[in-house]
Amino acid sequence: SENWHRPQKEVRGLLALLVRYLRNDLPTLNEEGVSIRFIGSRYRLSPRIRRLFSKVEAVTAKNRGAKLILAVDYGGKWDITEAAKYFAERVANGSMSPEEITPELFEKHMSTDGLSSPDLCIRTGGDIRLSNFMLWQMAYTELYFSDVLWPDFDEHNLIKAFSDFSCRERRFGMRKAGIISVLKDESSVPI
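Residues numbered from 1 in each chain as written. Predicted model: local features only at pLDDT ≥ 70, side-chain atom pairs only at ≥ 80, totals over all residues. Heavy atoms only, no water.

Colleague: Would you explain a positive patch on the surface in this entry?
Modeller: There is a patch of like positive charges on the surface, built from Arg 23, Arg 48, Arg 50, Arg 51 and Lys 55. Examining the composition of the positive patch, we find that 4 residues originate from one element, helix 2 (residues 47–60), more than from any other. The topology assignment puts Arg 51 in helix 2. (Patch = residues over 30% accessible without salt bridge, like charges linked within 9 Å, V, L, I, M, F, W, Y side chains within 5 Å. Areas by Shrake-Rupley, 256 points an atom, 1.4 Å probe, with all protein chains shown as cover. Salt bridge = Lys/Arg side-chain N within 4 Å of Asp/Glu carboxyl O. Lys, Arg positive; Asp, Glu negative; His and termini not counted. Charge placed at Lys NZ, Arg CZ, Asp CG, Glu CD. Helix = DSSP H or I, 4+ residues; strand = E, 2+ residues; numbered from the N terminus.)

Laid out in structure tokens, this is it:
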């Protein structure tokens, strides 16, 4: 969503490029069984682009191959805020209580509902940050940073990222295997 702050000519060019690729590659992606889904707000997009997105999603909805998720006018803060608004309205009108809201239920009201959280996020171009991308969903995502710019990020770079990822131990908040707690009786620890 922050990309709207770029020069207008650049934004128009990026959207035109996306439209061109969707129109040109949709038949091939559909034949290969790829389902395409867009996440993000659509209100700033032209009616023509919104119709194209809806058509692409409808044409590929029943495909069971790879899933291609395109984030357009998406921001992690926006996604969390939209879900929070949904629950705030329900609590305000009395249709639910705050105690009923769980992380699992909250997640069902985000734009990524039904999608698995990413296992690996590859950030190219030398930036070492998430840039407001999938903040909720990346709670346990492994991060890989590369100085290589996206257009130059080739198969060799991808293999390097996958190799790095394959050496990591994913614990999802649990202790590392084999570590024994130093504190035998936590009740004796002064607070």
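Colleague: Looking at this model, I keep getting lost on the side chain of Ser 146. Mind explaining?
Modeller: Structurally, Ser 146 is set in the loop between strand 4 (142–145) and helix 5 (155–166). Each residue touching Ser 146, except ones within four places of it in the same chain, is listed here: Arg 123, Thr 124, Gly 125, Gly 126 and Phe 153. (Contact = heavy atoms within 4.5 Å.)

Colleague: Whenever I open this one, unusual backbone geometry confuses me. Can you help?
Modeller: The phi angle of most residues is negative, glycine excepted, and most peptide bonds adopt the trans form. At Ser 131, a position not held by glycine, the phi torsion is positive, near 55 degrees. With respect to the helices, strands and loops of the structure, Ser 131 is situated in the loop between strand 3 (120–123) and strand 4. Residue Asn 132 is not a glycine yet carries a positive backbone phi of 65 degrees. Its place among the elements puts Asn 132 in the loop between strand 3 and strand 4.

Colleague: I keep staring at a nonpolar patch on the surface and nothing clicks. Help me out?
Modeller: Where nonpolar side chains cluster on the molecular surface, the patch consists of Ile 128, Leu 143 and Phe 145 and spans about 270 Å² of accessible area. Topologically, Leu 143 is positioned in strand 4.

Colleague: Looking at this structure, I do not really get the packing of helix 1 (residues 8–31) against helix 2. What am I missing?
Modeller: Working note: a packed helix pair is described by the angle between its axes plus the distance between those axes. Two elements in contact, helix 1 and helix 2, have axes whose closest approach is 11 Å; the angle formed by their N-to-C orientations is 20 degrees. Regarding the angle of helix 1 to helix 2, the classification is roughly parallel. The chirality of how helix 1 crosses helix 2 is left-handed. Between helix 1 and helix 2, the residues in contact are Leu 15, Leu 18, Val 19, Leu 22, Arg 23, Leu 26 and Asn 30 and Arg 48, Ile 49, Leu 52, Phe 53, Val 56, Val 59 and Thr 60, respectively. Considering only residue class, the contact of helix 1 with helix 2 consists of 10 nonpolar, 2 polar and 2 charged. (Axes fitted to C-alpha atoms, helices over the stretch in contact; angles between N-to-C directions. Parallel < 35°, antiparallel > 145°, perpendicular 65-115°, else oblique. Left-handed = near helix turned anticlockwise from the far one by under 90°. Nonpolar A, V, L, I, M, F, W, Y, C, P; charged D, E, K, R; others polar.)

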